[in-house]
2 protein chains.
Amino acid sequence: MLIIERHGLDEIFNPTSIAVVGASPDPDKAGHQFFKGLIDLKFSGDIYPINLEGNDVLGFKGYRNLREVPGPVDYVIVAIPAHEVPKTIEDCATKGVKVTHIFSSGFSETGKDDRMKLETRIVDTAKKGNFHIIGPNCMGIYHPKIGLSNFGIFTSKENGPVCFISQSGGNNGDFARMGLVRGLRFSKLVSYGNGCDLDSTDFMEYFTWDPETKVICAYIEGIKDGRRFVKTLKEATAVKPVIILKGGLTEAGSRAVSSHTGSLAGSEGIWKALFRQTKALQVESLGEMIDVALAFSHMICPKGRRAGIVGIGGGASVAAADSCERAGLVVPRFMEDTMTQLEKITPIAGTGVKNPVDSPVGSRVSIPDYEKTLKLVASDPQIDFLIVHVTIDWYMRTPEDRKNLRDSTEALLRNKENFKKPVAAVLRSSHSLDTWKVFLEEQKQYLGGGIPVYLTLEDAADAISKLIQYHEFRGKVN
Amino acid sequence: MLIIERHGLDEIFNPTSIAVVGASPDPDKAGHQFFKGLIDLKFSGDIYPINLEGNDVLGFKGYRNLREVPGPVDYVIVAIPAHEVPKTIEDCATKGVKVTHIFSSGFSETGKDDRMKLETRIVDTAKKGNFHIIGPNCMGIYHPKIGLSNFGIFTSKENGPVCFISQSGGNNGDFARMGLVRGLRFSKLVSYGNGCDLDSTDFMEYFTWDPETKVICAYIEGIKDGRRFVKTLKEATAVKPVIILKGGLTEAGSRAVSSHTGSLAGSEGIWKALFRQTKALQVESLGEMIDVALAFSHMICPKGRRAGIVGIGGGASVAAADSCERAGLVVPRFMEDTMTQLEKITPIAGTGVKNPVDSPVGSRVSIPDYEKTLKLVASDPQIDFLIVHVTIDWYMRTPEDRKNLRDSTEALLRNKENFKKPVAAVLRSSHSLDTWKVFLEEQKQYLGGGIPVYLTLEDAADAISKLIQYHEFRGKVN
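Described in the following lines is the structure provided in the data block.

What counts, and at which threshold
Residues numbered from 1 in each chain as written. Chains lettered and ligands numbered in written order. Predicted model: local features only at pLDDT ≥ 70, side-chain atom pairs only at ≥ 80, totals over all residues. Heavy atoms only, no water. Helix = DSSP H or I, 4+ residues; strand = E, 2+ residues; numbered from the N terminus. Rg over C-alpha atoms; globule rule 2.2 N^0.38 Å. Buried < 20%, exposed > 50% of the residue type's maximum accessible area, 1.4 Å probe, protein only. Contact = heavy atoms within 4.5 Å. Areas by Shrake-Rupley, 256 points an atom, 1.4 Å probe, with all protein chains shown as cover. Lys, Arg positive; Asp, Glu negative; His and termini not counted. Charge placed at Lys NZ, Arg CZ, Asp CG, Glu CD. Pairing = 2+ DSSP bridges. Axes fitted to C-alpha atoms, helices over the stretch in contact; angles between N-to-C directions. Polar contact = N/O pair within 3.5 Å; in protein donor to acceptor, adjacent residues only side chain to side chain. Parallel < 35°, antiparallel > 145°, perpendicular 65-115°, else oblique. Nonpolar A, V, L, I, M, F, W, Y, C, P; charged D, E, K, R; others polar. Least-squares fit on C-alpha atoms with pLDDT ≥ 70 in both. Buried area = accessible area lost by both parts, 1.4 Å probe. Salt bridge = Lys/Arg side-chain N within 4 Å of Asp/Glu carboxyl O. Phe/Tyr/Trp six-rings, centres within 6.5 Å; stacked < 30°, edge-to-face > 60°. Lys NZ or Arg CZ within 6 Å of the ring centre and 35° of its normal. Left-handed = near helix turned anticlockwise from the far one by under 90°. Core = buried A, V, L, I, M, F, W, Y, C linked by side-chain atoms within 4.5 Å. Expected span 1.5 Å × (residues − 1). Arc of directions from axis to C-beta.

1. A look at the overall build of chain A
- Helix and strand counts for chain A stand at 17 helices and 16 strands.
- Here the C-alpha atoms of chain A give a radius of gyration of 25 Å, agreeing with the 23 Å that 2.2 N^0.38 yields for 478 residues.
- In chain A, which comprises 478 residues, the proportion classed as buried is 64%.
- When contacts within chain A are restricted to residue pairs at least 6 apart in sequence, long-range pairs at least 24 apart make up 74% of them.
- Accessible area of chain A: about 17,300 Å², with a carbon and sulfur share of 52%.
- Within chain A, the 58 negative side-chain charges are centred at a point lying 3 Å from the centre of the 58 positive side-chain charges.

Structure below.
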């Protein structure tokens, strides 16, 4: 209700002017880094540095307080010691801002009475002043499209379909940095910390209807109004996939949650029921969240759970089959005709053609025959989607090896559209610096062709299974 | 029984002369690569290239067949087409070799009658000739200490406490390459493929008593004599830890196993019982095997399951606690006195001191205070071992950040011996090329100080839990 009475979240995520309280010329100060982040990301509106001395920062005229700023201010970032925050919040009210993001920590998360009162006081001021608070104890919003930076961590305006709602600032950064390397692109990120005003439920509601967002990811430690959260989550999953990492489901984790954001973590049983009821997808780590979000970002919806697997290595083929079945996918035998055709182009010794196909491309199978293999598997009516896997280290010895790897990737990419079935790739490697460099190069090719890339067969199988799980719920599978 | 009658495995793993049948001047031939591998690894004994034309290879005098070789030959590597193999095996008998490693594939693994007969024929010849066969369809032995190379994949004579018995040649290479990057060092690797003569049970028996080996790892698709395998495995786990990845436990995986090495995979229920009965440790991927082997290679035995966790990040601390408890470890509250001391040196805001300790070293906690934190946690009687975790990306912005990361590592290393408790580290990173480079540098420091390094908190918790599980069985814990 408050959201409607006060400024809507769409305005909050799209400010046209930002002041950074605590922005000083000292590059070690958090306020400086927030301010520099806006410059680096070329924020499209006006920006104002605020510090006690009214010093200029990075060529921008400084002000001693918000009231001195000549133009209107939509969005305020506060990076000053906790006990100085209430004064600034009062200035926010006077100035008529739309939202204040409090980076500063030292509030209710400490569990100390006086600090909790401090937090209550600023919430009251904000309510009376008709503006919202994000935080305290958080990194705030990253909205790359308009250049709204989050602590200056990210310097790219490139954007994409994934949002992240995070109670933890560290997880917010880690998820985004790891995700960027793996090919995720973000609509918006928000770290909301103690969530004294706006919290996970508000953001979930906003992203449900945000046209820039196709996939909602969330890291949650605790929620305030369980009933409203469940209702909001149900509405969200009816519109788009929601992937949640719930922190603190164990006893020690719950204790850590209370030290971190002062939240009540809730029991594992309650959360299991919540996931079942709302159809949100539960993941157990940020890494798994990235894997699942990659599937939703890059794969079309498979028509069912039946995997066709093409790769190199007998042991790896066994692992591929085991991983898929453990994740609830199906690895059916190909049609007889498919196997007959595959036998003609697959070496007899030590390889399989029943599914998985062990196709030693480059060494014992030519690129044209590999291409035929892919087409045969993709067109088999027993198969709903493809998993392709290789080990990069096997293609590192000679320039010809590297060419074979590149050519096999290209053979897949030039046929992929005709398959009309989604494809995921697994690029194993030893993670030596050399192989990791090749991984990143190859990954770029795959992502450019709309194919997500996984580090292990288990990761791929888990992500695809969750992709299908969501679509089964939405009634799009079978 | 055969092992005792014929040459013992110790002789087989330590040949003084090797002939490579199929070694030709053509660098694309497998035989060439095996031969070059022996040169690169500076094999300490005599080596002879054998090819139909008797061509010299890489400066070594060539012979047309084994019989022509002037001196004795202990070990023969065979890399020629399957149908030519029986003739060479007869030559092996004539020459009086100790073992023949058949790289060539195209035998029983094809499931074809004539190919199975071919395999039976060579086994008979070997039995009559009083020598052993490794393979066919495999990579053979890597014994770095004496320079016995495996396909020339590895160029280092550096060795260590871990052996690997692998039915799959690909898994053999992948495990070793990945393991090397992560700091595993190997006593011996053996890939035995179809295992027509020597198989997993023989190697398990050998490594049980091999003084170079402290940790046995094995990838197994199928076994021949279940009763003997169980007996051998029980004897092995009574002496040293055995970590097994069993391929083909699902229906599709079992089918892939039959295509790969022609083995019968066996049901999941039977294998579960086998793991329970023998106390071998089951892992589900090569990556997990590396993680567990790292713990056994680098950590002393903790006295119990109680983890003390020191790291940076509130969300990461929650994940650390959740990961430990999910893996069956315990994260107890510290003693009151420890917490009181920690409170003095830990920032009040957004951090915890109860366990995990959220210690933002570098940004808000000085190196000396971080060092104090480590000492306080390590000396808490509630704690049996330490997990230390950081995110590398948080230390990449400035040279001072990098120095803080290095200094915090050194603070741990210079105190570790005094802790008298084992330590594991988790170095999270985005895996950008820059952060991965730093990961490898830092990892080197940690490994040098006897601390294994994990990529994620879950991996660390799982590995430590399995380390303790083995020692609990051996009666060394509590």
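2. As for the sheet that holds strand β10 (residues 242-246) of chain A
All names here are of chain A.
- Taken in spatial order, the 6 strands line up as β6-β8-β7-β9-β10-β11 in an open sheet, and their pairing is mixed. Looking at which strands have only one partner, the edges of the open sheet turn out to be β6 (140-142) and β11 (281-283). The sheet shows a mean angle of 15° between the axes of neighbouring strands, taken without regard to direction.
- Looking at chain direction, strand β9 (residues 215-220) and β10 are connected through 5 bridges and run parallel. For Y219, the partnering residue across the bridge sits in β10 and is L245.
- On the sheet, helix α6 (residues 169-182) packs against β7 (162-166), β8 (186-191) and β9 and is oriented at approximately 160° with respect to β8.
- Against the sheet, helix α10 (residues 268-278) contacts β9, β10 and β11, and its axis sits at roughly 140° relative to β11.

3. With respect to the side chain of E371 of chain B
Residues and elements named next belong to chain B.
- By the secondary structure assignment, E371 is in helix α14 (residues 367-379).
- Here E371 falls in the buried class, since its relative accessible area comes to 14%.
- In this structure the side chain of E371 is engaged in a polar contact, spanning 2.8 Å, whose partner is the side chain of N415.

4. Some details on the packing of helix α9 (residues 251-260) of chain A against helix α12 (residues 314-326) of chain B
- The contact between α9 of chain A and α12 of chain B brings their axes to 7 Å, and the two run at 170°. It follows that α9 of chain A is roughly antiparallel to α12 of chain B by the angle criterion. Taking contact as the criterion, the partners of E251, A252, G253, A256, V257 and H260 of chain A in α9 of chain A are, on α12 of chain B, G314, G315, S317, V318, A321, D322 and E325 of chain B.
- Taken together, the residues that form the contact of α9 of chain A with α12 of chain B break down as 5 nonpolar, 5 polar and 3 charged.

5. Some thoughts on the relation of the copies chain B and chain A
- When chain B is fitted to chain A, the residual RMSD is 0.0 Å, and the transformation amounts to a turn of 180° plus an axial shift of 0.0 Å. Read as a symmetry element, the transformation amounts to a two-fold axis. Ranked by how close their C-alpha atoms come to the rotation axis, the residues of chain B are headed by L433 of chain B, at 3.8 Å.
- In this assembly, 100% of the residues forming the interface of chain B have copies in chain A that are likewise at the interface, indicating an isologous arrangement.

6. What to know about the interface of chain B and chain A
- Taken residue by residue, the interface counts 70 residues in chain B and 70 residues in chain A.
- Roughly 5,100 Å² of surface becomes buried between chain B and chain A when both sides are summed, with 55% attributable to carbon and sulfur atoms.
- Of all residues in chain B, R255, R326 and L433 of chain B bury the most surface against chain A, accounting for 12% of the area lost on that side.
- At the junction of chain B with chain A, the criterion picks out 2 salt bridges.
- Where chain B touches chain A, the interface holds 20 residue pairs in polar contact (both at pLDDT 80 or more).
- Of all the secondary-structure elements, those providing two or more residues to the side of chain B that touches chain A are α6 (169-182), α9 (251-260), α12 and α16 (433-448) of chain B.
- Partitioned by chemical class, the residues of the side of chain B that touches chain A number 20 nonpolar, 28 polar and 22 charged.

7. Things to note about the packing of aromatic side chains
- Summed over the entire model, instances satisfying the criterion amount to 30 aromatic pairs over all chains.
- Summarising the aromatic geometry, the rings of Y192 of chain B and F203 of chain B are spaced 5.9 Å apart at their centres and angled 40° between planes, so their arrangement reads as tilted. In this pair, Y192 of chain B is assigned in the loop between β8 (186-191) and α7 (200-209) and F203 of chain B in helix α7, connecting sequence segments 11 residues apart.
- Aromatic ring contacts, followed pair by pair, group F13, Y192, F203, Y206 and F207 of chain A into a single cluster.
- Over the ring of Y63 of chain B we find K61 of chain B; its NZ or CZ atom is 5.1 Å from the centre of that ring.

8. Focus: the packing of helix α14 (residues 367-379) of chain A against helix α15 (residues 399-419) of chain A
Residues and elements named next belong to chain A.
- Closest axis-to-axis distance for the α14/α15 pair is 10 Å, and the angle between their directions is 35°. For the element pair α14 and α15, the recorded crossing hand is right-handed. Contacts between α14 and α15 pair I367, Y370, E371, L374, K375 and A378 from the former with N404, D407, S408, A411, L412, R414, N415 and F419 from the latter.

9. Things to note about the nonpolar core
- Residues F175, C217 and I243 of chain A together with F175, C217 and I243 of chain B are the most contacted members of the largest nonpolar core, which totals 102 residues.
- When residues no more than four places from it in sequence are discounted, the contact partners of C217 of chain B are V162, C163, F164, I165, F175, I243, M289 and A293 of chain B.
- Counting 71 residues, the second-largest nonpolar core is a separate cluster that includes L386, F419 and L427 of chain A together with F439 of chain B.

10. A closer look at helix α8 (residues 226-239) of chain A
All names here are of chain A.
- The terminal C-alpha atoms of α8, which comprises 14 residues, lie 20 Å apart, in line with the 20 Å expected from a rise of 1.5 Å per residue.
- Residues F229, V230, T232, L233, A236 and T237 constitute the buried set of α8. All buried residues of α8 fall inside an arc of 170° around its axis, so they share one side. For α8, exposure combined with an orientation more than 90 degrees from the buried face picks out R227 and K231.
- Residues of α8 that are buried sit in contact with α7 (200-209), β9, β10, α10 and α17 (457-473).

11. Notes on the environment of V20 of chain A
Residues and elements named next belong to chain A.
- As for its position among the elements, V20 is in strand β1 (residues 17-21).
- Here the alpha-carbon distance between V20 and F186, two residues 166 residues apart in the chain, equals 24 Å.
- Setting aside anything within four residues of it in sequence, one finds V20 in contact with G31, F34, F35, L38, Y48, P49, I50 and I77.

12. Describing the sheet that holds strand β4 (residues 99-102) of chain B
All names here are of chain B.
- Strand order in the open sheet made by the 5 strands is β2-β1-β3-β4-β5, with parallel pairing throughout. Since the sheet does not close on itself, it has two edges, and those belong to β2 (46-50) and β5 (132-134), each with one partner. Each strand of the sheet is rotated relative to its neighbour by a mean of 20°, with strand direction disregarded.

13. Details of the pattern of salt bridges
- Throughout the structure, instances matching the rule amount to 56 salt bridges over all chains.
- In this structure, R326 of chain A engages E284 of chain B in a salt bridge whose closest nitrogen and oxygen atoms are separated by 3.7 Å. Highlighted residues: R326 of chain A in helix α12 (residues 314-326) and E284 of chain B in the loop between β11 (281-283) and α11 (286-298), drawn from two different chains.
- Given a relative accessible area of 34%, R326 of chain A falls into the partly exposed group.
- Bridged by salt links that share partners, the residues K145, K188, D210 and E212 of chain A form one connected network.

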